[in-house]
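# Structure at a glance
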Amino acid sequence: MQTPDGTPSFLTPIGYENNSCGYCHSKANSFSYYASTTSLTPAFYQSLLDRGWRRSGRLLYKPDLRASCCPQYTIRLDANSFHPSKDQRQSLNRLNKHILGDGYVKEASRLYPLSREQAKKRNTEFDLVERVHESELQQLRTPPEPAHTLSVTLETDEFTDEKYTVFENYQRIVHHEPPSRISKHGFTRFLCSSPLTTSRSDIDRRERKLGSYHQCYRIDGKLVAVGVLDLLPQCVSAVYFMYDESVHQHGFGKIGALREIALAKEDGYNWWYAGFYIHNCVKMKYKGDYHPQYVLDPESYDWNLLDNGLKKKLDKKKYISLSSEALREDVPPVNESDAEMAEATEQPSNSDNASVDSDDSCPPNPDLPLFSRGMSGILTKDQLLANVDLDHIKLRIRAQEAETCDLVSWEDSDINDSHSIKGLIAELACAVGPQLSREMTVSFG
């Protein structure tokens, strides 16, 4: 996508691969299509998110939900309709009470009493934006002085030793990673080298920050938590959240989520994208506790409410596409004799809800084109040829600009050969779709 200042979005195709699963720890049952990038506009990345993509540093990937052991569903929350649960409200209230202290609360209520209407509203309504700022130092009326000082700031995503100290502690204490696997290089590559361009833009008559930022939480001057965020035209996308062990008892996981939702509401981003929802992973199901949450249909790219009905479906089948189910329901029923024959010959299927227990699953055929894999949400070969002008995809090769048709070997290259230049670019176009195919620049070298 080309921005007004001419900034393009560069993509380099990598291909379809299977890797170990970070959720169920299967060694080879997590399948995704991969690409890398050095530069993305926030609007282009927003469109990728809405097609089931995600980034890890400069690596982009689109999971194959149908084939993977732990399907990863893109979810988003409507920040303007969000109503925190009792548990979520209590977490925020407890933190505010800890920061302010009983002495401050008592003396401030005497010096600055609320009106009857204000007191009634506070007791009957929970204003999320108001409450997340309630104990911040710059919001307080003094005297008296609070028990602690809290500041929350949006900062650039640059590396600092202060941030790395929080990361190292979080990875070692919370994720139990050995020190040998935690490094400044890994931290920088994962959380401090965003490909997103940073800017300020007027969107819906409001100026918003766009790009990657670190939301830094400091108590008494010490950095205790960092939320890594991608601020996009229509959402706050949560990349990662980490906190120091000293604030573990304050439920900073919930605090971070509530602050990010409040940011989406307060600054007009409207949606909070919490990454992937993995229903069969206990550690990831907590994301469904924030309402109203919507799940991206992996085939139609429609958004469906994550309600109890959809959760019950996911209890029975790991892979769900409501649009596909609706199409099947529209198919005329077979006659009675055909149904009896089908019932007599039907064999148990392991495609939809197979429990992948073996680490010895067959690796994907490296020679099979992406459009022939049956991966959900991917253009078929016919759709690709009908909707994407493969001959005029923009290219950057060793800093030189061109189009695919300018390549000497383009005409002789085979779209069915996933190792050829035409096959590589065709697979990328299948994965990003027609619109983004016209906007992207494919980069080599």
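Residues numbered from 1 in each chain as written. Predicted model: local features only at pLDDT ≥ 70, side-chain atom pairs only at ≥ 80, totals over all residues. Heavy atoms only, no water.

## Section: the overall build of the protein
Helix and strand content of the protein: twelve helices and 17 strands. When its C-alpha atoms are laid out on the principal axes, the protein stretches across 80 × 65 × 50 Å. Among the 445 residues that make up the protein, the fraction classed as buried is 48%. Intrachain contacts of the protein at a sequence separation of at least 6 include 66% that bridge at least 24 residues. Within the protein, one finds 52 positive and 63 negative side-chain charges whose respective centroids are separated by 8 Å. (Helix = DSSP H or I, 4+ residues; strand = E, 2+ residues; numbered from the N terminus. Buried < 20%, exposed > 50% of the residue type's maximum accessible area, 1.4 Å probe, protein only. Contact = heavy atoms within 4.5 Å. Lys, Arg positive; Asp, Glu negative; His and termini not counted. Charge placed at Lys NZ, Arg CZ, Asp CG, Glu CD.)

## Quick look at the pairing of strand E17 (residues 441-444)
Note that strand E1 (residues 10-19) and E17 share two bridges and pair parallel. The residue of E17 that forms the bridge with Leu-11 is Val-442. Inspection of the sheet shows strand E15 (residues 394-397) paired to E17 by four bridges, in the parallel sense. Its bridge partner being in E17, Lys-394 is matched across the sheet by Thr-441. (Pairing = 2+ DSSP bridges.)

## Here we look at the environment of Gln-435
With respect to the helices, strands and loops of the structure, Gln-435 is situated in helix H12 (residues 421-439). Separated by 47 residues in the primary sequence, Gln-435 and Val-388 have C-alpha atoms spaced 8.4 Å apart.

## Focus on a negative patch on the surface
Among the surface-exposed residues, Asp-389, Asp-391, Glu-411 and Asp-412 lie close enough to one another that they form a single negatively charged patch. If you trace the backbone, Asp-412 turns up in the loop between strand E16 (400-403) and H12. Residue classification places Asp-412 among the exposed positions, given a relative accessible area of 73%. (Patch = residues over 30% accessible without salt bridge, like charges linked within 9 Å, V, L, I, M, F, W, Y side chains within 5 Å. Areas by Shrake-Rupley, 256 points an atom, 1.4 Å probe, with all protein chains shown as cover. Salt bridge = Lys/Arg side-chain N within 4 Å of Asp/Glu carboxyl O.)

## Here's the deal with empty space enclosed by the protein
Any empty space left between the atoms is revealed when a probe the size of a water molecule rolls over them. If you walk through the whole model with that rule in mind, you get three cavities of 30 Å³ or more. The volume enclosed by the largest cavity comes to roughly 90 Å³. Elements represented by at least two residues in the lining of the largest cavity include exactly strand E4 (59-63) and strand E5 (73-78). Residue composition of the lining of the largest cavity, grouped by class: seven nonpolar, four polar and three charged. Taken as a whole, the second largest cavity spans an internal volume of roughly 50 Å³. If you trace the second largest cavity, you find it lined by Tyr-73, Val-295, Asp-297, Pro-298, Asn-304, Leu-310, Leu-314, Ile-320, Ser-321 and Leu-322. (1 Å grid on protein atoms, 1.4 Å probe; cavity = no way out; pocket = protein on both sides within 12 Å on 5 of 7 lines; lining within 4 Å. Points joined across faces, edges and corners; volume = space filled by probe spheres on them. Nonpolar A, V, L, I, M, F, W, Y, C, P; charged D, E, K, R; others polar.)

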